Amino acid sequence: MDEVSLNSEPVGDDDADEFEIEGDSSMMEYVGQTGIIQGENPLPPVVGMEFESYEDVYYFYNCYAKEQGFGVRVSNTWYRKSKERYRGKLSCSSAGFKKKSEANRPRPETRTGCPAMMKFRLMDSKRWRIIEVELEHNHLISSKSGKFYKSHKHLGVGTKRTLQLDGTEEVPKVRLFRTVVINAEDNGSIDVDEGEFGNNVDYGNQLKLKEGDAQALLNYFCCSQLMDPNFFYVIDLNDKGCLKNLFWTDARARVAYGYFGDVVAFDTTCMTNKYEVPLVSFVGVNHHGQSLLLGCGLLAGETIESYTWLFRAWLTCMLGRPPQAIITDQCPTLQTAVSDVFPRASHCLCLSHIMQKVPEKLGGLFQYESIQALLSTAVYYSVRSEEFEAAWEDMMQHHGLRDHKWLQALYEDRKRWVPVYLKETFLAGMFPIQPSDGVSSFFEEYIDKQTPLKEFLDKYDQILQTKHQLESLADMDSRNSSYMLKSRSYFELQLSKLYTNDILMMFKREVEGMYSCFSTRQLNVDGPIFTYIFKEQVEVEGNRRETMYEVLYNAPEMEVLCACGLFNFKGYLCRHALSVLDQNGIEEIPPQYILSRWRKDIKRSYILDHSSSGIDSNNPVHRHDHLYKCVVQVVEEGRKSQDRYKFALQAMEELLNKLHLVGDQPM
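Residues numbered from 1 in each chain as written. Predicted model: local features only at pLDDT ≥ 70, side-chain atom pairs only at ≥ 80, totals over all residues. Heavy atoms only, no water.

The name an unreviewed UniProt entry assigns to the chain is Protein FAR1-RELATED SEQUENCE, from the organism Carya illinoinensis. Taken directly from UniProt, the Subcellular location (unreviewed entry) text for the chain runs: "Nucleus". Entered under Sequence similarities (unreviewed entry) in the UniProt record, the comment concerning the chain runs "Belongs to the FHY3/FAR1 family." (UniProt positions renumbered as here; feature names shortened; annotations may be inferred.)

Spelled out as C-alpha cells, the structure:
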C-alpha cells in the first residue's frame, strides 16, 4: 500500500515519524486463522478498555458488531516508520460513501455515512486502549442480520476466550475478554518493564495496594467469574501500566437494577474519610426499603477522570440505562463527572451528610446553637421555596454570615439538597426530609478506617449473603404473614394486599396522621381542579408549630398533588392527599399512585435472562454456561420454601442418576 501522511487527526507523540494506511487486509486473515482470541462480547466498547494486541481490539469490536447486527471495517491504521502500528479506527461497514464509479451499470450505494466507530491506540504499557467511541448508528441494525456481513464470515457463534490454568483437564472458561491481567506485585502493575520506567512512578495516579492485594483482587475476580458467568469487572490502568481504578458487580445486582434502578446513591464515605480501602459503591433501595448494592469500585483518587471512568464503566454494565436520579456528596469534582456521564439524571446532594458537617463548619461561630436551629428549621420545615429564601436571608443577616464560604457554596447548590426544591424529583425514600431520617452506608457495619483490602474481600461475599437473606426473610414475612390492620381505613386495607410489610408500616403513619389534619377547607375551584388547605401541628425544635399545606385535586383525572411532596420523596401518598380523597368519597388509592417497586405480588428473579437461541451445543463452554444458568434458576425456585427445596433436591438426584446411565455419543 502507499504511504499517506497523517494530517487529519491528532496522533500524539512522535507524529513526524508516522504514517497512515486506510484499512488493513491482514485482519480478515487473522480472524480466520487464529484460535487464541475467541471470545463472546455482549458488552459495548467503552473508553478506557485495554487489550493485549491490535487483533484483540478488532475481534472484540467484531463480536460486539455481530451481537448488535452490523458489519465492521478497518477505516484507518496509523504506522510509525518502523512499521509498528500505534493507532487504529474501526467503523461500521456503512460508514462513509463509495467513490463514484464511471461504469455503465454502477452498483447501488449501500453506505449511509454511519458515524458509529471506535478509535484506539498503543499505550506505553504496550497495550491497546480505546480512546474514543461512538455507538449511535444512522441506519437500522438487527442482530438477525449479523451473519450476512463479511467481517463475521470467520467469526464463530459466540466462541469464547479461555483463561489458561494449570493441568490438562478442561475447566470452566472465564466469560469476559482477558483485556488486562494483574500481576501480583506490591504496586499492582500490569506487565510493565521496570527497566523502562525505573522508579519514576506517580503514586497519586495508581491504587495504593499492599503486598498481596493485587493477587487477592485477581483471585476474587477469577473465582467470581467461574461461579457467576455474568460477573462483571473492568480495570483501568495509568500510562505506566499500573492499576488505577477498578469496578465490579455481579449478575444479581445487574438484574436488580432493572427493578430498582430509578434512584441510585453513590457512596464515597471510604474515600472522603481516607479509609485504607478506597471503596466507592452504587446503592439503591429494594421493595422492602432495604439498601441494595448495585456495584463497587476502588479508585486511585477523587479526580474527575477517575469518577468519569467509573460512572461510564457502571453505565456500560447496566446496558446504558442511567437512573432517573443520582444522590452524591457535595463535591465539585463529583458534580462535573455526574453532569458529563448522567446529563439527564436529577443530581441531588445528600442532605444528611451536609447537615452532619454543620458542627465542623459552623461550630466555632458565635451563637452557634441559634444558627444551627435556624438552619435546620429553614431546611426541613419550609413548605414553599419563598419560605426557605426568607428564612435563609434572616439567618445570614441576623448572624452576619454573608462572607462564610461554606454557606455561600451551600446556597448556590440549594436546588440540589434543600427538600423544598426537590419535590418534583422521585427519590424512593432515599433522601431524608426530616432530622430523624438517617442515611447509612451499605458497608457501615463491616468496614472501618483500618480494615485492609484482603480482609474486606474475604468477607465481601458473606456481607452480600447476609443482605440477600434479609431480603428473602422479608419476602416470606410479607407473603405469608397477615398484616394487622390498626385502622378502619380502606386505603390501608387496599395496600395491605399489595405492598410489602415494611412499606406498609411507613404508610400506616400517614393513615394515622389523617386524624391530626384539621380545619380543612376548599379554597377555590379552577375548572376541574379543586384547591384544599390543611392545617397541621408540627413539632419543630421541641415546640409545636402550625403548618399549612395546599392540596390540588383533579376529580376527572383522579389526580391529587400535595405541597409537602411526600409521594415523590417516599413513594406513597401523604396524609393530606389521603384526606382529600377521603372527603371526596374515594375508597381506593388511584392506580397511578400504586408503585410496582413496592409490591409483594411481583415475582422478581435475580437471574440475567439470556436467550438460548445462540447456544452452540458443539461448544463445551456454551454447554457449561447454559446448563449453569438453568440450574441457578432451579436453585432460586427451590430455596423459596421447604417443600420446594425437597422437591428440587429429589428431582436433581433423579436427573443425576439418569445422566449416569446416558452413554456419550460422539459430537
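Colleague: Help me get a handle on the packing of aromatic side chains, residues and values and all.
Modeller: One pass over the full model with this rule turns up 37 aromatic pairs. Considering the side-chain rings of Tyr54 and Trp128, the 5.3 Å spacing of their centres and the 85 degrees angle between planes classify their relative orientation as edge-to-face. Remark: Trp128 occurs in strand β6 (residues 128-134) and Tyr54 occurs in helix α2 (residues 54-68); sequence separation between them is 74 residues. The exposure classification of Tyr54 matches that of Trp128, with both residues buried. Judged by centre distance (6.1 Å) and plane angle (80 degrees), the ring pair of Tyr220 and Phe231 falls under edge-to-face. In this pair, Tyr220 is assigned in helix α4 (residues 213-227) and Phe231 in the loop between α4 and β7 (232-237), connecting sequence segments 11 residues apart. Overall, the relative accessible area of 4% leaves Phe231 in the buried class. Clustering of aromatic rings is evident, with ring pairs tying together Tyr220, Phe221, Phe231, Tyr233, Trp248, Phe442, Phe443, Phe456 and Tyr460. The side chain of Arg87 reaches across the aromatic face of Trp78, ending 5.3 Å from its centre. Over the aromatic face of Phe442 sits the side chain of Lys467, whose NZ or CZ is 4.7 Å from the ring centroid. (Phe/Tyr/Trp six-rings, centres within 6.5 Å; stacked < 30°, edge-to-face > 60°. Helix = DSSP H or I, 4+ residues; strand = E, 2+ residues; numbered from the N terminus. Buried < 20%, exposed > 50% of the residue type's maximum accessible area, 1.4 Å probe, protein only. Lys NZ or Arg CZ within 6 Å of the ring centre and 35° of its normal.)

Colleague: So what's going on with the sheet that holds strand β11 (residues 291-298)? Residues and values would help.
Modeller: The strand order across the open sheet formed by 7 strands is β7-β8-β11-β10-β9-β12-β13, and the pairing between neighbours is mixed. Two strands bound the open sheet, and with one partner strand each, they are β7 and β13 (346-349). Ignoring which end each strand starts from, the neighbouring axes of this sheet average 20 degrees apart. Relative to strand β8 (residues 243-249), β7 is paired through 6 bridges, and the arrangement is antiparallel. The residue of β8 that forms the bridge with Tyr233 is Trp248. Docked against the sheet, helix α5 (residues 251-260) engages β7, β8, β9 (263-267), β10 (279-285) and β11, running at close to 130 degrees with respect to β11. In the packing of helix α7 (residues 304-317) onto the sheet, contacts are made with β7, β8, β9, β10 and β11, and the angle to β8 comes to roughly 30 degrees. (Pairing = 2+ DSSP bridges. Axes fitted to C-alpha atoms, helices over the stretch in contact; angles between N-to-C directions. Contact = heavy atoms within 4.5 Å.)

Colleague: Give a description of the UniProt feature "domain: SWIM-type" (unreviewed entry) in the chain that names residues and reports values.
Modeller: UniProt annotation of "domain: SWIM-type" (unreviewed entry) refers to residues 549-585 when read in the numbering used here. Across residues 549-585, helical content stands at 38% and strand content at 27%; the span's end C-alpha atoms are separated by 21 Å.

Colleague: Requested: an account of helix α13 (residues 405-412), with residues and values cited.
Modeller: Taken together, the buried positions of α13 are Trp406, Leu407 and Leu410. The buried residues of α13 occupy one face: seen down the axis, they fall within an arc of 95 degrees. In α13, the exposed residues that point more than 90 degrees away from the buried face are Lys405 and Glu412. (Arc of directions from axis to C-beta.)

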